[in-house]
Each structure stands twice: as C-alpha cells, then as structure tokens.
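Examination of the molecular architecture
Given next are the chains, with one letter for each unit.
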Amino acid sequence: MSTSLRAILFILLGVLCGSLNDVGIKLLSGEYPLHQMVFVRSVIGVTITLVLVQMEGGVALLRTDRPALHMLRAVLVVFSNMLFFSALAVMPLGAATALFFVAPLFITILAIPLLGETVGRHRIAAVLIGLVGVAVMMAPGVDWGDIGRASLLLPVAAACCYAGMQVLTRKLGAYTAASSLAFYIQLTFLTVSALFFVVAGDGRFAEGLTHPSAIFLLRAWVWPEQQDLWVFAGIGVMSAAIGYCMGMAYKLGNASVVASYEYAALPLALLWGWLIFAEVPRHVVWVGIVLIAGAGLYVFARERARDRVLAASPPLRHP
C-alpha cells in the first residue's frame, strides 16, 4: 500500500471516529458536564495511546526538545474541542459541523505568518467566499429559534483554535511520532478536565445560569447511568483513535491532500443528525455548506496544483 493511500485511509478513519465521538458527546450533553466526559475519555485515551507509544518504539518517543510547542498545540486542541462540544449542546450537528469547516480557510491565513507560505489571489478569494458562507448562516434575518447568535460563534471560534493546532502539527509532525502527538493531547485533556473537577465539579458555578452551553460546561459531576457507560467508553476509544489517526495521516501524506478528506465529516454529521437526532438542515445551512465546503476544497485543489508544479521544477542546484 502506498504512503499516500495509507494517509488517506488514516484520515478517513480519524474523521469517522471524530464523527462518532461528536454523536456520543451530543447524546450525553443533556445529563453530564463536558469536563466529566472529557476526563473519562482522556483516561481511556491516555491508556490506549501509551500502548501505541510502546508499539512504536517505547517511552523514549515522548522526549522532545520543543515542549512549549507541544503544550501550545495541546492547549489549542482543548479549547477547540470545548468550544465545539459546547456548540453541539445547543445546535444541530450538521450546522455546527458546517460552521466548524471554516478551519481549513483559517489554516490558509495562518500559514502566511507562521509557515512563511505565499498565498495567491485565488486562495484569498476562496477564503473570502468561505467567510461569506459563515455570514449567510449567521445573518440577522435567519431564524435559528432558541439558538442565540453567540452560540453560532462557538464552532467558528473552535475552527480558529483547530487551525492553529494543525499549523503546529505541520511543524512538529516531521520529527515526532504520531503516538507522541496524540499522547500530549490526551495528557492535556486529562489535566484540564481534572482541574475543572477540582474547581467546579460540585456544580456551584452552574447555579443561576440559563444558557445551555454554560450549564453544559459547569454542571456537577454525576455517576453515569448503566446504559450510558457504553457511550462513555466509546468516546474514550474514539478519542484515542482520532489523535493517532490524524497525527499519522498528516505525518504520512501531503497536508493539502489529506486535509481535503476531512470534509467527509460533513455528510456524516448530516447523516447522524438526521438518523439519530431527527435534524433536518435549514435551507440557509445548505447554502452555507456549499460556500464553505466549496471554498475549502478549492483551496486544497490550488495547493495540490502548486505542489505538483514545485515537484516538477528542476532543482536550483545540481548535486
């Protein structure tokens, strides 16, 4: 199997696990606090990830000479997840996922100052079109019912954090094992959720709150019902798989090729939303999906074309 095909299979598996993880979080969001779910899934995720670390070469892989970058990357993932999961508590799965997919466009913008990449007018135009898609979904005349305007910003903010994380993945992935990348993320999730429990685990900060996302973040821990234990276990396994598969995909494959396959999450989110939560996307969501996804896929197509040109160019200096 070629390296490119392996990268594509890893990213598709990661996307599937991520989609199932989102379903699990949304199913549990009405009864349990987010930090409890994150803690449980991180305990499971860290355990599985350590097994993968051992399989890839042992704990020596965890040593790094860039701990600050790993920490920043992990913190960005934590913020991205918390913002996105907070959106899932109040928004349809398909709409939240569509707004989150402005992340590849933010990656294009961040790559200019952080990776030194040059971005031409075509990709800049695509970024603007994608942002128009966000504006269409968030326009004042659009009736979202009980969903407040601030809630619509949650997946967009999550996309900003995710874009920063992926830019750092490009920097670190060249010389860091995928299992190590996943371990640092799981460890950060575990630390942050444990701190949440110490500070807010009794639910005192949730008293008097009315916004569902704020309550989801700060409500008290409760012992899971027996039928929910399987969902907790499932999101733990999915969490470990996501971190490993994503890290492996970006490590093996060209980033512009791999990232385009992340859009498989959109039809999956729409499918789960319809089958499990009886969510039928509004017309404005379809318009937003077309603009955002179209713009993102165009950016990837331009990056692939640029990579082919660079690969075909003769070397500047012959050996």
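This structure is a prediction, so every number in the text was calculated from the model and none was measured.

On to the packing of helix H3 (residues 67-88) against helix H4 (residues 93-100), then. In contact at an axis separation of 9 Å, H3 and H4 are set at 145° when each is read in the N-to-C sense. For H3 against H4, the interelement crossing comes out right-handed. Two secondary-structure elements touch here, H3 through Ser80, Phe84 and Leu88 and H4 through Leu93, Ala96, Thr97 and Phe100. Class assignment for the residues of the contact of H3 with H4 results in five nonpolar, two polar and no charged.

As a packed pair, helix H1 (residues 3-28) and H3 sit with axes 9 Å apart at the nearest point and diverge in direction by 60°. On the basis of the axis angle, H1 is oblique to H3. Pair H1 / H3 crosses with right-handed handedness. Counted together, Asn21, Asp22, Ile25 and Lys26 of H1 and Phe84, Phe85 and Leu88 of H3 form the full contact between these two elements. When the residues that make up the contact of H1 with H3 are grouped by side-chain class, the tally is four nonpolar, one polar and two charged.

Attention now goes to the confidence of the model for the protein. With 91% of its residues at a pLDDT of 70 or more, the protein has an overall mean of 83. Summarising per-element confidence for the protein, the mean pLDDT is lowest in helix H11 (residues 255-260) (72) and highest in helix H12 (residues 265-277) (93). Contacts for the low-pLDDT stretch residues 309-319, under 50 throughout, to residues beyond four places or in other chains number zero contacts.

Let us look at the packing of aromatic side chains. Given two aromatic rings, one states the distance between the centres and the angle between the planes to describe the pair. If you walk through the whole model with that rule in mind, you get ten aromatic pairs. Summarising the aromatic geometry, the rings of Phe84 and Phe100 are spaced 5.3 Å apart at their centres and angled 55° between planes, so their arrangement reads as tilted. Of this pair, Phe84 sits in helix H3 while Phe100 sits in helix H4, and the two are 16 residues apart along the sequence. Judged on exposure class, the residue Phe84 and its partner Phe100 are both buried. When the ring of Phe197 is compared with that of Trp221, the centres are 4.5 Å apart and the planes differ by 50°; the resulting orientation is tilted. With a gap of 24 residues between them, Phe197 in helix H8 (residues 178-200) and Trp221 in the loop between helix H9 (212-218) and helix H10 (226-252) connect regions that are remote in the sequence. Using a relative accessible area of 41% as the deciding quantity, one classes Phe197 as partly exposed. A relative accessible area of 24% places Trp221 in the partly exposed class. Sitting above the plane of the Phe277 ring, Lys26 keeps its charged end 5.5 Å from the centroid. A cation sits over an aromatic face here: Arg41 above Phe189, 5.0 Å from the ring centre.

A few words on the pattern of salt bridges. For the structure shown, the criterion picks out two salt bridges. In this structure, Glu279 and Lys26 form a salt bridge, with 3.8 Å as the shortest nitrogen-oxygen distance. In this pair, Glu279 is assigned in the loop between H12 and helix H13 (283-312) and Lys26 in helix H1, connecting sequence segments 253 residues apart. The pair Glu279 / Lys26 is uniform in exposure class, with both members buried. Residues Arg204 and Asp202 are paired through a salt bridge, measuring 2.8 Å at the closest nitrogen-oxygen approach.

Definitions and limits used
- Residues numbered from 1 in each chain as written.
- Predicted model: local features only at pLDDT ≥ 70, side-chain atom pairs only at ≥ 80, totals over all residues.
- Heavy atoms only, no water.
- Axes fitted to C-alpha atoms, helices over the stretch in contact; angles between N-to-C directions.
- Helix = DSSP H or I, 4+ residues; strand = E, 2+ residues; numbered from the N terminus.
- Left-handed = near helix turned anticlockwise from the far one by under 90°.
- Contact = heavy atoms within 4.5 Å.
- Nonpolar A, V, L, I, M, F, W, Y, C, P; charged D, E, K, R; others polar.
- Parallel < 35°, antiparallel > 145°, perpendicular 65-115°, else oblique.
- pLDDT = per-residue confidence, 0-100.
- Phe/Tyr/Trp six-rings, centres within 6.5 Å; stacked < 30°, edge-to-face > 60°.
- Buried < 20%, exposed > 50% of the residue type's maximum accessible area, 1.4 Å probe, protein only.
- Lys NZ or Arg CZ within 6 Å of the ring centre and 35° of its normal.
- Salt bridge = Lys/Arg side-chain N within 4 Å of Asp/Glu carboxyl O.

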